[in-house]
Amino acid sequence: QLRVLDDIQTDLHGEYIMQRLVQGDVGSGKTIVAFFAMCLVSASGYQSALMAPTEVLAAQHYETFAQYIELFGIHTHLVLLTGTMTAKQKRRAYERLQLFPDAMVIGTHALFQEKAVYDNLALVITDEQHRFGVRQRETFSLKGESPHILVMSATPIPRTLAIILYGDLDISVIDEVPAKRLPVKNCVVGTGWRPNAYEFIRKEAALGHQAYVICPFVEASEYAEGENVIDYTQKLRQALPESIEVAFLHGKMRSDLKNKVMEAFAANEIQVLVSTTVVEVGVNVPNATVMMIEDAQRFGLAQLHQLRGRVGRGDAQSYCIMINTSDAKGASKRLDVLNRTNDGFQIASEDLKLRGPGDFFGIRQSGDMEFQLADIYQDAGVLRQALSSPDNAAYVRHMLMLPFDCRQFVLPYIAALGAYTLLTKTAALLLVLLAVSDQAPAAILGSILCSVNAVLMAAAIYSFRQYWCAGGFWVASLVAAILFLGNSPMFLPLLIVNGVLAAMVLQRADGYS
């Protein structure tokens, strides 16, 4: 934490705008780092804003920050702005944004709405940044006059992938957890172990602790099999003693009801909370020691790790019980990764190996990478070494800021398509001349240009790794040239086929223009 704070302070006092990713495992203490960063900005007379993905988390941050401000005797103003506030509350919040030039603002998506006008914004922080869209983060960062940007993520990303995905950001990693915290004990069991799990929850509640139970669905559905929050709450109320208060929480509830349930759970008025993944990020109840996840195979490894991070936040020993309702070997293999380790970065690496990362910049979210030589796992050290050079790092950042269709093949793409455009226009002009004259030299020259054109286009297509298109394009061009020399009208359909092939490839590469 101190190392990351030093990085942030150096950036804030530097001559360039900060753009930094703070990555830390669940429970590593990112929130207090964000708080101190905002304090530094406030002490300099500027505003800062922290955007959280859910209202539950925003309200929790607000209450935590209010306690810190009182505890440390900090003279600043705290403003909360969320979407479900009444018109009067929002109007008051907007006024406070204009009134206090050193305000610390906490909220949800409402922070970047048009009515939210900041007087002196110098730092924007996005918490759990993976839960926001690219446009949302960009709109938020444009609210001030070139404010410093800090994004925080607890979703574990292997260092190598973080370099690739966030190449335009400096990266700080909180790789420790606060002292005195015991590692969570895990177990993956079948449905036959449920009665034992209920008995274990009863014993923990008797010791004054609390438990989460996570279900994949809000209510029963005829389209999907799995436990749901509503029915499971009734099941637990029957299985546990009446002295144990069981309540439920899900995303479809009104915000005031969600906040009321979370406040009651934080105050230990509710001992067992049955919930969907709405509690996945940021919720902090140190007294909770049991996380039981039904249909665990339905969740991703990173999501399961986030859920497990809701416990183990106090001094008491905590436990995570994952119920596997599937017989598939793949499900057991994935869950075994969580059973063996609590290290989020190791889990992310194992997850990457199991499913493949897909496209870094496209829409494919899994599968093998199409590197021709490098191996993302074995060559991770080489990639880090290459990026340790300032010149190399600057080049990679420049490449990452290029449009998607240029990233992998910038030079072949520009050179081949530039030449293709020029030669196409030349060939088209010659075809017009041939239409009005019957001169053999012009026909031969036109054929040569068409052939060169075909080679260049085939090279461009080949760089997109669309090999069958490249072959088809080359053959069709060659046959068209031969037919053209023989004055056969059949060359026209082949030129149309070429056009279709070229259009298909360029569409695949997003090169519509």
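Residues numbered from 1 in each chain as written. Predicted model: local features only at pLDDT ≥ 70, side-chain atom pairs only at ≥ 80, totals over all residues. Heavy atoms only, no water.

Q: Just checking my understanding: could you explain the overall build of the chain for this structure?
A: Counting its secondary structure elements, the chain contains 18 helices and 13 strands. Taken over 513 residues, the chain has a buried fraction of 48%. The long-range share in the chain, meaning contacts at least 24 apart out of those at least 6 apart in sequence, stands at 73%. Approximately 26,300 Å² of the chain is accessible, and the part contributed by carbon and sulfur atoms is 57%. (Helix = DSSP H or I, 4+ residues; strand = E, 2+ residues; numbered from the N terminus. Buried < 20%, exposed > 50% of the residue type's maximum accessible area, 1.4 Å probe, protein only. Contact = heavy atoms within 4.5 Å. Areas by Shrake-Rupley, 256 points an atom, 1.4 Å probe, with all protein chains shown as cover.)

Q: I'm lost on the sheet that holds strand 13 (residues 319–323) in this one. Help?
A: Pairing between the strands of a sheet comes from backbone hydrogen bonds, and it takes one of two forms, parallel or antiparallel. Across the sheet, six strands lie side by side as 8-13-12-9-11-10; this open sheet has parallel pairing. Bordering the open sheet on either side are strand 8 (185–189) and strand 10 (246–249), each of which pairs with just one other strand. Across the sheet, the mean angle from the axis of one strand to that of its neighbour is 15°, orientation sign disregarded. The pairing of strand 10 with strand 11 (residues 272–275) spans four bridges and is classified as parallel. Pairing of Ala247 across the sheet is with Leu273, part of strand 11. (Pairing = 2+ DSSP bridges. Axes fitted to C-alpha atoms, helices over the stretch in contact; angles between N-to-C directions.)

Q: Would you explain the packing of aromatic side chains in this entry?
A: Remark: the centre distance and the inter-plane angle together describe each pair of aromatic rings, the angle taken between the planes. Scanning the entire structure with this criterion turns up 10 aromatic pairs. Ring centres of Phe200 and Tyr319 lie 4.8 Å apart, and the angle between their planes is 85°; on these two criteria the pair is classed as edge-to-face. With a gap of 119 residues between them, Phe200 in helix 7 (residues 194–206) and Tyr319 in strand 13 connect regions that are remote in the sequence. Judged by relative accessible area, which is 24%, Phe200 ranks as partly exposed. You can call Tyr319 partly exposed: its relative accessible area is 22%. Pairwise contacts between aromatic rings join Phe35, Phe36, Phe65, Tyr68 and Phe72 into one cluster. (Phe/Tyr/Trp six-rings, centres within 6.5 Å; stacked < 30°, edge-to-face > 60°.)

Q: For this particular structure, what's the right way to read the pattern of salt bridges?
A: Side-chain pairs of opposite charge can arise where the charged atoms are in close proximity. Scanning the entire structure with this criterion turns up nine salt bridges. Where Asp175 meets Arg3, a salt bridge forms, and the shortest distance between an N and an O atom there is 3.2 Å. Placement of the pair is Asp175 in the loop between strand 7 (170–174) and strand 8 and Arg3 in helix 1 (residues 2–13), with a sequence separation of 172 residues. Residue Asp175 is classed as exposed on the basis of its relative accessible area, which comes to 52%. Here Arg194 makes a salt bridge to Glu227, at a shortest N to O gap of 3.3 Å. (Salt bridge = Lys/Arg side-chain N within 4 Å of Asp/Glu carboxyl O.)

Q: Would you take a moment to explain the side chain of Thr108 for this structure?
A: Relative to the elements of secondary structure, Thr108 occurs in the loop between strand 4 (104–107) and strand 5 (121–126). Ignoring any residue separated from it by four or fewer positions in sequence, one finds Thr108 in contact with Met51, Ala52, Thr54, Glu55, Ala58, Leu81, Thr82 and Gly83.

Q: Just checking my understanding: could you explain the pairing of strand 2 (residues 47–51) for this structure?
A: In regular strands, side chains alternate between the two faces of the sheet. Most of strand 2 is tucked away: five of the five residues are buried. Of the two faces of strand 2, the one carrying Gln47, Ala49 and Met51 and the one carrying Ser48 and Leu50 are both buried. One ladder, built from five bridges, connects strand 2 with strand 5; its direction is parallel. Bridge pairing links Met51 to Thr126 in strand 5. Bridge analysis of strand 2 against strand 4 gives four bridges, and the strand direction is parallel. Bridging from a neighbouring strand, Ser48 pairs with Met104 of strand 4.

Q: What am I meant to see in the confidence of the model for the chain here?
A: For the chain, mean pLDDT is 77; residues scoring 70 or higher make up 64% of the total. Counting interchain partners and residues more than four positions distant, the pLDDT-below-50 stretch residues 357–369 has 30 contacts. (pLDDT = per-residue confidence, 0-100.)

Q: Any chance you could explain the nonpolar core here in plain terms?
A: Most often, soluble globular proteins keep nonpolar side chains buried together rather than apart. Core analysis: the biggest nonpolar cluster contains 32 residues, and Tyr212, Leu249, Leu273, Val279, Met291 and Ile293 have the highest contact counts within it. When sequence neighbours within four positions are dropped, the list of residues in contact with Leu249 reads Val229, Lys258, Val261, Met262, Leu273, Val274, Ser275, Thr276, Val278 and Val279. Residues Met18, Val33, Met104 and Leu150 belong to the second largest nonpolar core, which totals 26 residues. (Core = buried A, V, L, I, M, F, W, Y, C linked by side-chain atoms within 4.5 Å.)

Q: I would appreciate a short explanation of the packing of helix 1 against helix 2 (residues 30–43) in the present structure.
A: Angle between the axes and distance between the axes: these two values describe a pair of packed helices. Two elements in contact, helix 1 and helix 2, have axes whose closest approach is 10 Å; the angle formed by their N-to-C orientations is 25°. Comparing their axes, helix 2 and helix 1 come out roughly parallel. For the pair helix 1 and helix 2, the sense of crossing is right-handed. Across the interface between the two elements, Val4, Leu5, Ile8, Gln9 and Leu12 of helix 1 pack against Val33, Phe36, Ala37, Leu40 and Val41 of helix 2. Of the residues that constitute the contact of helix 1 with helix 2, the class distribution is nine nonpolar, one polar and no charged. (Parallel < 35°, antiparallel > 145°, perpendicular 65-115°, else oblique. Left-handed = near helix turned anticlockwise from the far one by under 90°. Nonpolar A, V, L, I, M, F, W, Y, C, P; charged D, E, K, R; others polar.)

Q: Is there a simple way to explain the sheet that holds strand 2 in this structure?
A: Taking strand neighbours across the sheet as the criterion, the seven strands line up as 3-4-2-5-6-1-7 in an open arrangement whose pairing is parallel. The sheet is open, and its two borders are formed by strand 3 (78–81) and strand 7, each paired with just one other strand. For this sheet, the mean inter-axis angle between neighbouring strands, taken without regard to orientation, is 20°.

Q: Mind showing me how you'd approach the packing of helix 10 (residues 301–308) against helix 11 (residues 329–340) here?
A: In contact at an axis separation of 10 Å, helix 10 and helix 11 are set at 35° when each is read in the N-to-C sense. Where helix 10 crosses over helix 11, the two elements pack in a sense that is right-handed. Across from Leu301, Leu304, His305 and Arg308 in helix 10, the residues of helix 11 making contact are Arg334, Leu335, Val337 and Leu338. Partitioned by chemical class, the residues of the contact of helix 10 with helix 11 number five nonpolar, one polar and two charged.

Q: Can you help me understand helix 3 (residues 55–72) in this one?
A: An α-helix turns once every 3.6 residues. As a result, residues three or four positions apart point the same way. Look at helix 3: 25 Å from first C-alpha to last across 18 residues, which is about the 26 Å you get at 1.5 Å a residue. Inspection of helix 3 places Glu55, Val56, Leu57, Ala58, Ala59, Gln60, His61, Phe65 and Ile69 among the buried residues, and these make up the whole buried set. Of the surrounding elements, those touching the buried residues of helix 3 are helix 2, strand 2, strand 3, strand 4 and helix 9 (255–266). One side-chain oxygen at the N-terminal end of helix 3 lies 3.2 Å from the backbone nitrogen of Leu57; it belongs to Thr54. A positive backbone phi angle near 65° is found at Gly73, which sits one or two residues after helix 3. (Expected span 1.5 Å × (residues − 1). Polar contact = N/O pair within 3.5 Å; in protein donor to acceptor, adjacent residues only side chain to side chain.)

Q: What is the right way to look at the pairing of strand 13 in this model?
A: Across the five residues of strand 13, four count as buried, placing the element largely inside the fold. As paired strands, strand 8 and strand 13 are joined by five bridges and run parallel to one another. By the bridge assignment for strand 13, Asn186 is matched with Cys320. Bridge count for strand 12 (residues 288–293) against strand 13 is four bridges, and the pairing is parallel.

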